[in-house]
Amino acid sequence: MAKVLFIVANNWFQDNEFWIPYKTLTAQWHECEVASWKWWYCRWVFWKEIENTKRLDEVSALDYDLLVFVGWWWAENQYFNDETYLSLAKQWKAIAAICIAPTILSYSGIFNWKEVTWWDDWEKTQISQIEKNWGIFKYEEVTQDWKIITANWPEAATKFARKLVDFLNH
């Protein structure tokens, strides 16, 4: 089975965007690990905690079949312009991102001329950022362009998880 790395913020990552894909992939026997900026526990929106298994600066993206970048506003606060976060994206074999994570990742250049979706604040703030970085916005819950899978927000987490399973199982 595939080896998957989930990348979350240390504080207040979006729980559905993490737990639904994580549980779906582990139920399909995929090996999942969690990384964040620093050790040890990561808190999600409702103050529950998960333990990360790696720090971002200890990770090589090439060791994983898929990188899953989990969003929510606090991910942007922690990872916007973070070179370690962006360099992981640049090393990818396959990449998935949900919510605000595609906006952050657009600054790595990996979405050049790729169709992607992401959460937007309804003022086109994030849409303009990704388009400025050469991504092609698709107003869909989940989009796949080659080995890039993106989703727009927590309500798409189940559909996102199914798309990840389909991708890894083919």
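Remember, predicted model here, so these are calculated numbers, not experimental data. Here the residue numbering is sequential within each chain, running from 1 through the sequence in written order. Reporting of local features is limited, given that this is a predicted model, to residues whose pLDDT is at least 70; pairs of side-chain atoms are given and counted only at 80 or more, and all residues count toward the totals for whole chains, interfaces and linings. Here the side-chain values reflect all heavy atoms present in the structure, with hydrogen atoms and water set aside.

Help me understand a nonpolar patch on the surface, please; the structure alone is not making it clear to me.
Within the patch definition used here, like charges are joined within 9 Å and nonpolar side chains (Val, Leu, Ile, Met, Phe, Trp, Tyr) within 5 Å, considering only residues with over 30% relative accessible area and no salt bridge. Computed with the Shrake-Rupley method and a 1.4 Å probe, the accessible areas treat only the protein chains shown as cover for residues. We define a salt bridge as a contact between a side-chain nitrogen of Lys or Arg and a carboxyl oxygen of Asp or Glu at a distance within 4 Å. Together, Trp113, Trp134 and Ile136 give the surface a local cluster of nonpolar side chains, amounting to about 360 Å² of exposed area. Throughout this description, buried means an accessible area under 20% of the type-specific maximum (1.4 Å probe, protein chains only), exposed means over 50%, and partly exposed covers the range between. Judged by its relative accessible area of 32%, Ile136 falls in the partly exposed class.

Please explain helix 3 (residues 83-90) as it appears in this structure.
Every α-helix winds through 3.6 residues per turn, so residues three or four apart in the chain are directed the same way. Numbering of helices and strands starts at the N terminus; helices are DSSP runs of H or I of at least 4 residues and strands are runs of E of at least 2. Buried within helix 3 are the following residues: Tyr85, Leu86, Leu88 and Ala89. The arc that holds the buried residues of helix 3, viewed along the axis, is 155°, so those residues lie on one side. Opposite the packed face of helix 3, turned more than 90 degrees from it, sit the exposed residues Glu83 and Lys90. Identification of polar contacts relies on pairs of N or O atoms within 3.5 Å, with a donor-acceptor requirement for protein atoms, meaning one able to donate a hydrogen and the other able to accept it, and with residues adjacent in sequence counted only if both atoms are side-chain atoms. Measuring from the side-chain oxygen of the N-cap residue of helix 3 to the backbone nitrogen of Thr84 gives 3.1 Å; that N-cap residue is Asp82. This arc describes the spread of directions from the helix axis toward the C-beta atoms.

Is there a simple way to think about the sheet that holds strand 8 (residues 95-98) in this case?
Think of a sheet as strands paired side by side through backbone hydrogen bonds, with each pair either parallel or antiparallel. The mixed open sheet is built from seven strands, whose spatial order is 6-3-1-7-8-12-11. With one partner strand each, in any of the chains shown, strand 6 (54-55) and strand 11 (142-145) form the two edges of the open sheet. Being paired, for any two strands, means DSSP has found at least two bridges between them. Examined bridge by bridge, strand 7 (residues 66-69) and strand 8 share three bridges and lie parallel to one another. Across the sheet, the residue bridging to Leu67 is Ile95, located in strand 8. Sitting on the sheet, helix 3 touches strand 1 (3-7), strand 7 and strand 8, and the angle it makes with strand 7 is about 140°. Against the sheet, helix 6 (residues 157-169) touches strand 1, strand 7, strand 8, strand 11 and strand 12 (148-151), its axis set at about 170° to strand 12. Contacts are assigned to residue pairs that have any heavy atoms within 4.5 Å of one another. Axis lines are fitted through C-alpha atoms, for helices just across the contact stretch, and the angle between N-to-C directions can take any value from 0 to 180 degrees.

Read these as geometric descriptors, not functional statements.
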